[in-house]
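Results of the structural survey
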Amino acid sequence: MRILTARLTGFRNLADGDYEFSPGVNLLIGSNGQGKTNLLEALNFAAFGRSHRGARSEELIRFTDQHLHVSLAVDQASGVRQDHEFGLDREGGRRFRIDGQLVTRRADLVGRLATVFFRPESVELVRDGPEARRRFADQSLASLDSGYLAALMAYQRALRQKGRLLADVRRGARREADAARELAAWNADLAVHAVPIGRRRGEWSSLLAPYADAIYQDLAGSPAPLEFQWRPRLQAFAPARLASATDEELAADILAEFDYIRPMELRRGRPLAGLQFDDFLVRLGERDLRVFGSQGETRTAAISLVLAQSDVVFRQRRVRPVLFLDDIFSELDRERARRLQERSARNHQVFIATARADDVAGWEPDPARRWLVEDGRLTALP
Amino acid sequence: MHPGAPGGGRQASGGEFQSPALERLVRSLQQLPGLGRKSATRIALHLLANHEDAAQLTTAVDDARRQVTRCGRCGAITESDPCAICTNPGRDASLLCVVASPVDILPFEKAAFFRGRYFVLGRLLSPLDGVRAEDLPFDRLRARIDEDEVREVILALDTSVEGETTALYVQRLLAGRAIHLSRLATGIPVGGALAYTDEATLQRAFQHRTGVEGG
């Protein structure tokens, strides 16, 4: 999958204009604050219908403008061209079109433009708390499967409802006896939505793990393998049980766990069991990198996990996603950076943003285009 | 004010009419669901220019407010209490369709295949919106089931999280009774093309697929 051209109007500080990208490597070089990340954000927005850094519409629209419009010509793997367009205005209006057809639901955008995004913060994926790894898993799974996104949104909504109910009981606004059956209903709904989410987290992590290990070995070389394993908090998702039980049986197991913990939940006034406590183990051989990894190891592992998404997308959809690598080299030594460059340029269109031209000096991929990003303007360098 | 700050674009339409009466009319129209300042202004000017329309509207609102009530048995919007559906002897009292809002009765009645009766909950459980089980007419529902010797309860609630949880609640509420409890199926719309069905709906339809003869 390749983004051939982009037409930008009104997007943050980026100059309005038409840009033609290399189908191979696009190097965006410029000091901080010049617009490199903004360009990646504009290109990636069409993939998910939202900003990769969670910005709201009014932040994306240039402050002197009332609306923004971005259109991309995308070459699908087969050589078929697809036009992706989106427009946002200050009144909250949003329009997405693919080949001129209006796309009204965000879930329907999933998979139409496949991308993998490495943000500067991604480098802490292994050292950060479980929440960062859950977010990584959720975003990755949502980009593969709109059913996952639907189940996750339902689960999170039900979880907020249950949380409010428990808090109401704790502060005395509801009698426990009155709330008991309601709580059971919310638990039953949560259990039903938890099953497909749990199954997919398990499948996805075991699919991703070997690819991440291969990348890790390629970048750093290690006698011990890089392992990545889903660590669910719910007993129902223990591997043996997960493999043999039906969806209905799993939901019943989860409900039993919720029932068991209910007295404590009522005392504390918040949910204490569920998918929101999952983690993913990252290990090099026997060593847990989350706790005992060196800076170099955890960062290389984080990069490997993020890039491995590309292999999973290819495995499932037979397309190579567009890679967006924002400031990925600055934390790596020269040797690892060089291997990463070679690797990312293979089979992919890649957009690499860097503030230090040194990081990519002497690298001559082909095809490639170098861009100078200055004050929101992109200038193609010879 | 910053030129690009949100709301900056609305300044042109933010001015008020010189007539306080017209301004009051526009504002009260603006209170109505789905109407912004622009539409409210258009309607207000239309009513001023067309006295007959304005008079009709006033009478219609007065009449509706005086005559429309809710059926004490099922909660439907009606002018007679109990409503025509609840008193129609041709309808099967042992079939009870539970819906969230009185508006949800309309598509069933339009399609005219359902010969049972209805029960309107009025709202769905939602602690975040302060809607508790005590706020829903579950006592009346149970009484209704007993009085009418209901055989089957059909839950026709939204597929939202709140709709599903309310259905699960009713399921628990009625557990142990000798009645058949069912929920509407979810899936591919009739006449809909499979290729354009969204993935979540498709998955739901797949999970709830039905066996066919010879299979």
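Above this note sits the structure.
Let us look at the structure shown here.

**Concerning the overall build of chain A**
Counting its regular elements, chain A contains 10 helices and 15 strands. In terms of overall dimensions, chain A is globule-like: its C-alpha atoms have a radius of gyration of 23 Å, near the 21 Å expected for 382 residues. Judged by the C-alpha coordinates and their principal axes, chain A covers about 75 × 55 × 40 Å. In chain A, of all internal contacts separated by at least 6 residues, the share reaching a separation of at least 24 is 70%. Computed over 58 positive and 54 negative side-chain charges, the separation of the two mean positions in chain A equals 3 Å.

**Remarks on the packing of aromatic side chains**
Counted under the stated rule, the structure contains 18 aromatic pairs over all chains. Summarising the aromatic geometry, the rings of Phe-228 of chain A and Phe-280 of chain A are spaced 5.3 Å apart at their centres and angled 10° between planes, so their arrangement reads as stacked. Highlighted residues: Phe-228 of chain A in strand 9 (residues 226-231) and Phe-280 of chain A in strand 10 (residues 279-284), separated in sequence by 52 residues. Given a relative accessible area of 0%, Phe-280 of chain A falls into the buried group. On the numbers, 6.1 Å between centres and 55° between planes, the contact of Phe-108 of chain B with Phe-113 of chain B is tilted. Phe-108 of chain B sits in the buried class, given a relative accessible area of 13%. For Phe-113 of chain B, a relative accessible area of 57% puts it in the exposed group. Its guanidinium or amino end placed over the ring of Phe-206 of chain B, Arg-209 of chain B lies 4.7 Å from that ring's centre, counting from NZ or CZ.

**Observations concerning the environment of Ala-142 of chain A**
Residue and element names in this part refer to chain A. Summarising the element assignment, Ala-142 is placed in helix 3 (residues 130-144). Each C-alpha atom, one on Ala-142 and one on Phe-48, is 9.3 Å from the other, the two residues being 94 residues apart in sequence. Beyond its immediate stretch of four places on either side in the chain, Ala-142 contacts Val-110, Tyr-148 and Leu-149.

**Points about helix 9 (residues 295-317) of chain A**
Residue and element names in this part refer to chain A. Between its first and last C-alpha atoms helix 9 spans 34 Å; for 23 residues at 1.5 Å apiece the expected length is 33 Å, and the two agree. By the criterion of burial, helix 9 is predominantly enclosed, with 17 of the 23 residues buried. Looking one or two residues past helix 9, Arg-318 carries a phi angle of roughly 60°, positive in sign.

**What about the nonpolar core?**
Counting residues in each nonpolar core, the largest one holds 148 residues, and the members touching the most others are Ile-3 and Phe-21 of chain A. Looking at this core, the element that brings in the most residues is helix 5 (residues 176-219) of chain A, giving 18 residues. Those residues in contact with Phe-21 of chain A, other than ones at most four positions away along the chain, are Ile-3, Leu-4, Thr-5, Ala-6, Asn-26, Leu-39, Leu-43, Gln-349, Phe-351, Trp-371 and Leu-378 of chain A. Ranked by size, the runner-up nonpolar core spans 16 residues in total, among them Ala-76, Tyr-118, Ile-154 and Ala-156 of chain B.

**What to know about the pattern of salt bridges**
A full pass over the atoms with the stated rule returns 49 salt bridges over all chains. Residue Arg-338 of chain A pairs with Glu-342 of chain A through a salt bridge whose shortest N-O separation is 2.7 Å. Of this pair, Arg-338 of chain A and Glu-342 of chain A both sit in helix 10 (residues 334-345), 4 residues apart, which is roughly one turn of the helix. Taking the relative accessible area as the measure of exposure, Arg-338 of chain A reaches 37% and is therefore partly exposed. Its salt-bridge partner being Arg-142 of chain B, residue Asp-139 of chain B comes within 3.4 Å of it at the nearest N-O pair. Of this pair, Asp-139 of chain B and Arg-142 of chain B are both found in helix 6 (residues 138-147), 3 residues apart, which corresponds to roughly one turn of the helix. Judged by relative accessible area, which is 59%, Asp-139 of chain B ranks as exposed.

So, how was this worked out
The residue numbers shown here count from 1 along each chain, following its written sequence. Note on labels: chains are lettered from A, ligands numbered from 1, in written order. Residue-level local features of this predicted model are given only where pLDDT is at least 70; pairs of side-chain atoms are given and counted only at 80 or more, and the full residue set underlies all totals for whole chains, interfaces and linings. Side-chain calculation: all heavy atoms of the structure are included, whereas hydrogens and water are not. Where helices and strands are cited, they refer to DSSP runs of H or I of at least four residues and of E of at least two residues respectively, numbered from the N terminus. Each radius of gyration is computed over the set of C-alpha atoms, and the globule rule expresses the reference value as 2.2 Å times the number of residues to the power 0.38. By the convention used here, residues are in contact when the closest approach between their heavy atoms is within 4.5 Å. Only four residue types enter the charge count, namely Lys and Arg as positive and Asp and Glu as negative; His and the chain termini do not. Positions of charges follow a simple convention, taking NZ of Lys, CZ of Arg, CG of Asp or CD of Glu. Planes of paired rings set the category: under 30 degrees apart is stacked, over 60 is edge-to-face and the rest tilted, where pairs are Phe, Tyr or Trp rings (Trp by its six-membered ring) whose centres lie within 6.5 Å. Residue burial is assigned from relative accessible area. The probe radius is 1.4 Å, only protein chains are included, and a residue is buried under 20% of its type maximum, exposed over 50%, and partly exposed in between. Should the NZ of a Lys or the CZ of an Arg lie within 6 Å of a ring centre and within 35 degrees of the ring normal, that charge is described as sitting over the ring. The span you would expect from a helix comes to 1.5 Å times its residue count less one. Only buried residues count toward a nonpolar core. Its members are Ala, Val, Leu, Ile, Met, Phe, Trp, Tyr and Cys residues joined through side-chain atoms within 4.5 Å. In what follows, salt bridge is the name for a side-chain nitrogen of Lys or Arg lying within 4 Å of a carboxyl oxygen of Asp or Glu.

On their own, these measurements won't tell you what the molecule is for.
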